[in-house]
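# Chains, contacts and geometry: an overview
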Amino acid sequence: RAPSTNRVLPGAAAGGGGLQGLGMATSTPSGDFRPRVKTPGQGADVYKAKQSLGQNFLVDQNVARRIVDSLECPSENGKAVVEVGPGKGALTAMLLNKYPDMTAVEIDERSVEYLNEQLPTLNVELKSVLDVDWGEMSRAAGGAQLSVIGNLPYYITSQILFSVVDAAPHVRKAVITMQLEVAQRVCATPGGRTYGILSVVTQLYGKPSLLFKIPPTVFQPAPDVDSALISVEFPEVKPEYGINMCHLRTVLRAAFQQRRKMLRQSLKALLKEKGVTLPDEVGTRRPETLAPLEFVELTRTLFGDGETPEGIDVWRGALGDKGRDA
């Protein structure tokens, strides 16, 4: 699913002519002056969205500008900026004017070809975002923490977010659009129906914020649900909790698979295996009532202190991978 803007939009002219800067110059963060690039054509005649890739192209200039303005990257000329799923370049042209040394990652060959033609100064890589080595991209940017931005396909949003979480501290900030329901889950606090594994994991590694809602009408084709833009800020140093985070993954999976049951029931098999009895004040609670750090302590109770093995991506892949959920 790749973000895009329309060539001509009803009502868009009043929003600003920031996209019409061809032939003018823009100052980069380092003080260089380079020709401004114009947003490429975004019409359906360029190419149609692929349902198999979950593509819904953004077709509103003002929303695109708000998304771009939500990303502030301090790296020189934006060499640490990575856009995922640029599509036809709606966000990309605006980003390129601010961050001329940015990189884009795109799985659709049509998009890569189109962007190479329309934005020849752009460094665009043909690959799935799930195959990105964030550590390698950080090293290519001189070791700077990456600033990730993009319009995510609904069907792999959680996988992409988990891959970014695993990449901490190589990523400093992620500004991404997703289904509103998923955004609410990411930012949810304990006690609500939307609070779950995605909430706990994201909040243990970073600080998520729901920036604004996005209606279906600004996409083409229009999705059946509302979307939202979220920001997740990650610290310079990856948090350490004194446990093997693979064990935390096991606990979260067992607890939230039966989220309406008390923990002494949902974790019954683990408790028996480890020979642990939970005190009533913990065992009678449901998983959605525990704060992220309480899950850390629950994991410590079951598995003891520990360290996450080097080189393991804890959260990438399906919940249920035997290599981690054991």
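Residues numbered from 1 in each chain as written. Predicted model: local features only at pLDDT ≥ 70, side-chain atom pairs only at ≥ 80, totals over all residues. Heavy atoms only, no water.

### Structural notes on helix α6 (residues 180-187)
Within α6 the residues assigned to the buried category are Leu180, Val182, Ala183 and Val186. The buried residues of α6 all sit within an arc of 160° when viewed along its axis, so they share a single face. Taken together, the buried residues of α6 touch α5 (157-167), β8 (171-179), α7 (197-205), β9 (207-214) and β11 (227-233). (Buried < 20%, exposed > 50% of the residue type's maximum accessible area, 1.4 Å probe, protein only. Helix = DSSP H or I, 4+ residues; strand = E, 2+ residues; numbered from the N terminus. Arc of directions from axis to C-beta. Contact = heavy atoms within 4.5 Å.)

### Things to note about helix α1 (residues 61-69)
For α1, every residue scored as buried is listed here: Gln61, Val63, Ala64, Arg65, Ile67 and Val68. Where α1 starts, the residue carrying a side-chain oxygen 2.9 Å from the main-chain nitrogen of Asn62 turns out to be Asp60. (Polar contact = N/O pair within 3.5 Å; in protein donor to acceptor, adjacent residues only side chain to side chain.)

### Overview of the nonpolar core
Among the nonpolar cores identified, the biggest contains 91 residues, and Trp134, Leu267 and Phe295 are the most heavily contacted of them. Broken down by element, the residue count for this core peaks at eight residues, all from helix α8 (residues 245-257). Discounting residues that sit within four places of it in the chain, Trp134 has contacts with Val82, Val84, Val129, Leu146, Val148, Ser163, Val164, Ala167 and His170. (Core = buried A, V, L, I, M, F, W, Y, C linked by side-chain atoms within 4.5 Å.)

### A few points about the packing of α6 against α7
How two helices sit against one another is set out by the angle between their axes and by the gap between those axes. Their axes nearest at 6 Å, the elements α6 and α7 cross at an angle of 55°. The angle between the axes of α6 and α7 places the two elements in the oblique class. Considering how the two elements wind past one another, α6 and α7 form a crossing that is right-handed. Along the contact surface, α6 presents Val182, Arg185, Val186 and Cys187, while α7 presents Leu198, Ser199, Thr202 and Gln203. Among the residues forming the contact of α6 with α7, the class breakdown is four nonpolar, three polar and one charged. (Axes fitted to C-alpha atoms, helices over the stretch in contact; angles between N-to-C directions. Parallel < 35°, antiparallel > 145°, perpendicular 65-115°, else oblique. Left-handed = near helix turned anticlockwise from the far one by under 90°. Nonpolar A, V, L, I, M, F, W, Y, C, P; charged D, E, K, R; others polar.)

### Looking at the packing of aromatic side chains
Counted according to the given criterion, the structure contains four aromatic pairs. Here the aromatic rings of Phe162 and Trp315 are separated by 6.2 Å at their centres, their planes lie at 25°, and the arrangement is stacked. Remark: Trp315 occurs in the segment after α12 (292-303) and Phe162 occurs in helix α5; sequence separation between them is 153 residues. Summarising the aromatic geometry, the rings of Tyr205 and Trp315 are spaced 6.5 Å apart at their centres and angled 85° between planes, so their arrangement reads as edge-to-face. Taken together, the residues Tyr205 in helix α7 and Trp315 in the segment after α12 connect sequence positions 110 residues apart. Residue classification places Trp315 among the buried residues on the basis of a relative accessible area of 1%. Put simply, the rings of Phe162, Tyr205 and Trp315 pair up and form one aromatic cluster. Over the ring of Phe212 we find Arg66, and its NZ or CZ is 3.8 Å from the ring centre. (Phe/Tyr/Trp six-rings, centres within 6.5 Å; stacked < 30°, edge-to-face > 60°. Lys NZ or Arg CZ within 6 Å of the ring centre and 35° of its normal.)

### Section: the confidence of the model for the protein chain
Per-residue pLDDT for the protein chain has a mean of 84; in total, 80% of the residues score no lower than 70. Within the model, pLDDT remains below 50 along residues 1-25, and this stretch shows 87 contacts once partners closer than five positions in the same chain are excluded. Throughout residues 320-326 the model reports pLDDT below 50, and contacts reaching past four residues in sequence, or to other chains, amount to 20 contacts. (pLDDT = per-residue confidence, 0-100.)

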